Amino acid sequence: MASSTPSAVTDLSAALVMAPVPLSDWLIILPVALCIGTGAVLMMMRHAIRHHAAVAVAALFLLVLLDAALLWKVATQGPFTMVMGRWLPPFGIAFTADLTGTLLSLAAAIVALAGAIHAGSDIDSSGRRYGFYPFLMLLMAGVTGAFLTGDLFNLYVWFEVLLISSFGLIVLGSTREQIDGALKYAILNLIGTTLFLITVGYLYAIFGTLNMADIALKANGLRGTAPLMTLASLFALAFAMKAAAFPVNFWLPASYHTPRIVVSALFGGLLTKVGIYSLLRVMVMLFPVEREELSIVIAVSAALTMVLGAMGALAQNDIRRMLGYIVISGIGYMMAGIAIGTPSGVSGAIFYALHSMVLMTALYLAAGHAARLGGGFSLTALSGLYRKAPWFSALALALFFAGSGLPPFSGFWPKAVLVKSAIDIGAWWLAAAILVSGFIATIAFGRIFLLCFWRPATLAGQPPLQAQSSLAVPSVVPLLGLTLLVVFFGLFPESLLSLSQQAAAGLGDPQAYIQSVFPEGGKP
């Protein structure tokens, strides 16, 4: 006989988000889904590689639009969160968009679009057949996912995605030099990634959660009873290795000069910035007290990174190797902003990261064009480029000024903000390091322009046989676009400076970030 007792009704609202997800909230995962989906489509099109470039460029153009829409939503409405599987946080894996993440995501998409367009003239059929464009899309999935995730373990996962795809990109061509560079790059980055994973496990044992908003809520209650200083130190070391900060930066100059120039451009613009972003997120937002205690260590590392990086650039005879050291020197400026820790210092670091992503990509692309015109990357062989391509020379000179931090280009403003921020807290020696490294970088860039562009070709002997007489206009379009951004934000820095200041304020006071994850003000 059937029981008349009514069956119990399970209350799913204690575990799941019951309200329908607003359509606009899906915007937060569309960039990652687009990159992964396009990468998969390109892999299935392995017998139609002639269409790879068109598909990838179209997808990356759409990615720029999605990231721009995401930035607009966050700038006008504040941070917002979407949890996978509709599980309530902190148990569901959260994607949280705030100004810092969306700004960097948009800059990364612009850089990748420029790289994909340039690759049309730089990557041959062999490189396409071995997967340049699928690897590029998966690289962007990892970079974008890292910028938008709200979960520390998921940050590790996206690190793995971008590292695996970068391994594939760095060995395209399979030359002896590339294999050597890839081996150094892989081993040393895997060490950093392993340290990151160990630290994430340690953090979970202490906090019982990996959600960043939940960690920010719990940190004050655990301070004094849990080894948060050890955690912060391990995170700082792991992310410093990812960012190529002194003294764990030796992997970068040993590898960035080995792949095709467009791959070097993407690496120089994107990969180290993910490490800087992770430092900003963890040290400034999650462990601000521990960051303050570690500030002198971070500041010393920053000063040595920027000065030694600039000196290393000055000592090079190969443009690609020189740019690798310029990447390292730029990391020092961003580390200085993290060490300073004030809202203005952090905003300077964010502004410089955005500037560096565009600038370093453009500089590597310019180096590739210079090598085409001169037949190589050696400063002793390159000459007479100004007479051969005056408009290209003007673009290169603008980029050199920006890399030196001279007005009226975008590199001037974040350096000015960082110098003022360092002086405001009495760190005159850090401000001096910023100025000295900028002076050395100016000499290094001036050396390139004098030898490669201004020096008459007759003084350097006959150009190599493989040198081109001119550059095709379509191949210069990505470089022109990136250079215009550098000039525009140098002449009109107000909007980017304002967004950087708001992003820094959001990291220093993450209440809006936490509120987007826990709308009721606390854990369910």
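If you're wondering where the values come from, they're calculated on a predicted model, not measured in any experiment. (Residues numbered from 1 in each chain as written. Predicted model: local features only at pLDDT ≥ 70, side-chain atom pairs only at ≥ 80, totals over all residues. Heavy atoms only, no water.)

Asker: Teacher, can you tell me more about the overall build of the protein here?
Answerer: For the protein, the helix and strand inventory stands at 21 helices and 2 strands. Taken over the C-alpha trace, the protein has a radius of gyration of 23 Å; the compact-globule value for 524 residues is 24 Å, and the two agree within 12%. On the principal axes, the C-alpha backbone points of the protein span a range of 100 × 60 × 40 Å. Across the 524 residues in the protein, those meeting the buried criterion constitute 58%. (Helix = DSSP H or I, 4+ residues; strand = E, 2+ residues; numbered from the N terminus. Rg over C-alpha atoms; globule rule 2.2 N^0.38 Å. Buried < 20%, exposed > 50% of the residue type's maximum accessible area, 1.4 Å probe, protein only.)

Asker: I would appreciate a short explanation of unusual backbone geometry in the present structure.
Answerer: Negative phi characterises most residues that are not glycine, and trans characterises most peptide bonds. Here the amide bond leading from Phe-246 into Pro-247 is cis, since omega sits at 5°, within 30 degrees of zero. Tracing the backbone through its elements, the reader meets Pro-247 in the loop between α9 (228-243) and α10 (261-286). Put simply, Pro-407 and Pro-408 share a cis peptide bond, and its omega is 0°. Inspection of the secondary structure puts Pro-408 in the loop between α16 (390-404) and α17 (412-424). Look at Ala-244: it is not a glycine, yet its phi comes out positive at around 70°. Within the secondary structure layout, Ala-244 lies in the loop between α9 and α10.

Asker: What is the right way to read helix α6 (residues 152-170) from this model?
Answerer: An α-helix turns once every 3.6 residues. As a result, residues three or four positions apart point the same way. With 19 residues, α6 should reach 27 Å at 1.5 Å per residue; the first-to-last C-alpha distance of 27 Å fits that figure. For α6, the N-terminal capping position is held by Asp-151, with its side-chain oxygen 3.0 Å away from the main-chain nitrogen of Phe-153. (Expected span 1.5 Å × (residues − 1). Polar contact = N/O pair within 3.5 Å; in protein donor to acceptor, adjacent residues only side chain to side chain.)

Asker: Help me understand the pattern of salt bridges, please; the structure alone is not making it clear to me.
Answerer: It is possible for side chains bearing opposite charge to pair when their charged atoms get close. Under the defined criterion, the tally for this structure stands at 5 salt bridges. The residue Arg-320 makes a salt bridge to Asp-318 at a minimum N-O spacing of 3.5 Å. Accessibility expressed as a relative area gives 18% for Asp-318, which makes it buried. (Salt bridge = Lys/Arg side-chain N within 4 Å of Asp/Glu carboxyl O.)

Asker: Help me understand the pairing of strand β2 (residues 94-97), please; the structure alone is not making it clear to me.
Answerer: Looking along a regular strand, one sees the side chains alternate between the two faces of the sheet. Burial along β2 is two-sided: the face carrying Ala-94 and Thr-96 and the face carrying Phe-95 and Ala-97 are both buried. Sheet analysis places strand β1 (residues 80-83) next to β2, joined by 4 bridges and oriented antiparallel. Looking across to β2, one finds that Phe-80 is bridged to Ala-97. (Pairing = 2+ DSSP bridges.)

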